[in-house]
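# Chain and residue survey
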Amino acid sequence: MLGRLIGALFRRSGADALRDAFDERATARLKTALALAGEGRHADAERIYRELLDRYPGHADLLHLAGNAALAQTRYAEAVQLLTSARESRPAAPELNLHLGQAYAALGNSDHAQRCYERALAANPDFVPAHFNLGRLHQHAGRYEEAAQSYRRALELAPENSDIHIVYAEVLRELGDYEAALSAARRALELAPESPDAHVQCGHALRELGRGLEAIPEYRHAVALRPDVAHAHLHLGNALFLDAHDFAAAAAEYRRMLELEPASSEARFNLALMRIASGDYANGWPDYELRRLDPRWKRRPFEYPQWQGGELAGRRLLVYSEQGIGDEIMFASCVPDLIERGASCI
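If you're wondering where the values come from, they're calculated on a predicted model, not measured in any experiment. (Residues numbered from 1 in each chain as written. Predicted model: local features only at pLDDT ≥ 70, side-chain atom pairs only at ≥ 80, totals over all residues. Heavy atoms only, no water.)

## Observations concerning the overall build of the protein chain
Our working rule: What counts as a helix is a DSSP run of H or I of at least four residues, what counts as a strand is a run of E of at least two, and both are numbered from the N terminus. The quantity called the radius of gyration is restricted to C-alpha atoms. Its globule counterpart is 2.2 Å times the number of residues to the power 0.38. Only the protein chains shown count as cover for residues, with accessible areas throughout obtained via the Shrake-Rupley method and a probe of 1.4 Å. In this tally Asp and Glu are treated as negative and Lys and Arg as positive; neither His nor the chain ends contributes. By convention, the charge on Lys lies at NZ, on Arg at CZ, on Asp at CG and on Glu at CD.
Of the regular secondary structure elements, the protein chain holds 20 helices and two strands. For 346 residues, the compact-globule estimate of 2.2 N^0.38 gives 20 Å, and the protein chain exceeds it by more than 25% at 27 Å. With respect to the principal axes defined by its C-alpha atoms, the protein chain has extents near 90 × 45 × 35 Å. As displayed, the protein chain has an accessible area near 18400 Å², and 51% of this comes from carbon and sulfur atoms. Between the averaged position of the 40 positive side-chain charges in the protein chain and that of its 49 negative side-chain charges there is a distance of 4 Å.

Written out as structure tokens, the structure reads:
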């Protein structure tokens, strides 16, 4: 994207063309800044952009480049300010609207981001990055049908882009079309055989189709390609635990994830589930409480303090359902034990 932007800056004809707007020294300084940005040295590049803005105040291309540098350094509010200023003289520029949308999205302002992406597409309906980013915006908001539409249009324009196939597979899984998700993931693998994400998406789709044992090699490929990616170990551990029932191998993967992400409550919780399933209750039950940290966990609006396992004689204890019917039946077997300890159960 940066390369295309740089090329556009020097190709554009007219009074705003950089070669016409800048003197020889300024052009040389700009080329240095662009080279620095290409190396990922955004702070050094930004210093030159701002130096040139002192000489050429309000120059849209310089404001755009400075805004991109701020965006790359996660100074999103500042990026919005700079890119908005740049857009004042180029309101329809597709790449400028794309980058402004990315800055808004990073700030959590999805409405403004969506308008920017749509503005970019109004100027250039074939602008693949805008379709892709609009799809991601819809996907993160749970609007999966809209996301799928954006990805399909992006794939019509860029059918060889493996990244689009990968996110399209994610959305198809959310829509319950697991066969299509598997096809999209496998197409991504054809285009990028060394992509860990493509292998992971193949594994996810296979598990949704009830083919968990086939998913394990996909997750193993992902781990082999990127052993430092914590969630690849989590996915492999889940398949080994739930599909292959290989508790020892699953535990090794969960522990590896915890080495990479010590604060991962998901890995600790899954390890707890595996321990409980294997009868290791003493080590399993404490971390089972981590389920409460899952954002999908439905919290009950009770103000009563949680029982911590203390004395129950003469006390009233509220027992409520939390998960599926199977779990309710299993844990209901504990109610007589509570009554025997003196609790009045509700």
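## A short note on the nonpolar core
So the rule is basically this: By convention a nonpolar core is built from buried Ala, Val, Leu, Ile, Met, Phe, Trp, Tyr and Cys residues, the set being connected through side-chain atoms within 4.5 Å. Classification of residues uses two cut-offs on accessible area relative to the type maximum, computed with a 1.4 Å probe and protein chains only: under 20% is buried, over 50% is exposed, and between them is partly exposed. Contact criterion: two residues are considered in contact whenever any of their non-hydrogen atoms come within 4.5 Å of each other.
Counting residues in hydrophobic clusters, the biggest one holds 46 residues, and the most contacted among them are Tyr151, Ile164 and Tyr168. Put simply, the parts of the chain that give this core at least two residues each are helix H10 (144-157), helix H11 (162-174), helix H12 (178-191), helix H13 (196-208), helix H14 (212-225), helix H15 (230-242), helix H16 (247-260) and helix H17 (265-277). Once residues lying within four places of it in the same chain are set aside, the contact partners of isoleucine 164 are Val128, Phe132, Tyr151, Ala154, Leu155 and Ala158. Residues Leu65, Leu83, Leu100 and Ala130 belong to the second largest nonpolar core, which totals 40 residues.

## Some thoughts on the packing of aromatic side chains
Stated precisely, the cut-off is as follows: Pairing of aromatic rings covers Phe, Tyr and Trp, the last through its six-membered ring, and needs centres within 6.5 Å; plane angles under 30 degrees mean stacked, over 60 mean edge-to-face, and all others mean tilted.
As enumerated under the stated definition, the model contains five aromatic pairs in all. Centroid distance phenylalanine 132 to tyrosine 151: 6.1 Å. Interplanar angle 45°. Geometry classified as tilted. On the criterion of sequence distance, the pair formed by phenylalanine 132 in helix H9 (residues 128-140) and tyrosine 151 in helix H10 is long-range, its members being 19 residues apart. For tyrosine 151, a relative accessible area of 0% puts it in the buried group. Clustering of aromatic rings is evident, with ring pairs tying together Phe269, Tyr281, Trp285 and Tyr288.

## So, the side chain of glutamate 46
The condition that has to hold: Polar contacts, as used here, are pairs of N or O atoms within 3.5 Å; protein pairs need one atom able to donate a hydrogen and one able to accept it. Residues neighboring in sequence count only if both atoms are side-chain atoms.
Within the fold, glutamate 46 resides in helix H4 (residues 42-55). Within polar-contact distance, the side chain of glutamate 46 engages the side chain of glutamine 73 at 2.8 Å. Residues in contact with glutamate 46, not counting those within four places in the same chain, are Ala69, Gln73, Arg75 and Glu78.

## Some words on the pattern of salt bridges
Our working definition: The rule for a salt bridge is simple: a side-chain nitrogen of Lys or Arg has to be within 4 Å of a carboxyl oxygen of Asp or Glu.
Considering all chains together, one arrives at 20 salt bridges under this definition. Where glutamate 160 meets arginine 187, a salt bridge forms, and the shortest distance between an N and an O atom there is 3.3 Å. With glutamate 160 in the loop between H10 and H11 and arginine 187 in helix H12, this residue pair connects regions lying 27 residues apart in the sequence. Note that arginine 187 is salt-bridged to glutamate 190, the shortest N-O span being 2.9 Å. With arginine 187 and glutamate 190 both in helix H12 and three residues apart, the pair spans about one turn of that helix.

## Topic: the packing of H11 against H13
Cut-off, in case you're wondering: Angles run from 0 to 180 degrees between N-to-C directions of axes, and those axes are lines fitted to C-alpha atoms, restricted for helices to the stretch in contact. Roughly parallel means an angle under 35 degrees; roughly antiparallel, over 145; roughly perpendicular, 65 to 115; everything else is oblique. Two helices cross in a left-handed way if the nearer one is turned anticlockwise from the farther one by less than a right angle. They cross in a right-handed way if the turn is clockwise. Residue classes follow a fixed rule: Ala, Val, Leu, Ile, Met, Phe, Trp, Tyr, Cys and Pro count as nonpolar, while Asp, Glu, Lys and Arg count as charged, and any other residue, Gly among them, counts as polar.
Remark: H11 packs on H13, axes separated minimally by 10 Å, with the N-to-C direction vectors making an angle of 20°. By the angle class used here, H11 and H13 are roughly parallel. Two packed elements cross with a definite hand, and for H11 against H13 that hand is left-handed. Residues Ile166, Ala169, Glu170 and Arg173 of H11 pack against Asp197, Ala198, Gln201, His204, Ala205 and Glu208 of H13. The class makeup of the residues in the contact of H11 with H13 is four nonpolar, two polar and four charged.

## Focus: the confidence of the model for the protein chain
The condition that has to hold: As a per-residue quantity, pLDDT reports the predictor's confidence and falls between 0 and 100.
Scored by pLDDT, the protein chain comes out at a mean of 89, with 92% of its residues at no less than 70. Note that pLDDT drops below 50 for residues 1-17; the model gives that stretch 35 contacts with residues more than four away or on any other chain.

## Quick word on the packing of H16 against H17
Interhelical geometry of H16 versus H17 gives an angle of 160° and a closest axis separation of 9 Å. Here H16 is positioned roughly antiparallel relative to H17, judged by the angle of their axes. The way H16 lies across H17 gives a crossing that is left-handed. Contact residues: Phe247, Ala250, Ala251, Tyr254, Arg255, Met257 and Leu258 in H16; Ala267, Arg268, Asn270, Leu271, Met274, Arg275 and Ala277 in H17. Taken together, the residues of the contact of H16 with H17 break down into ten nonpolar, one polar and three charged.

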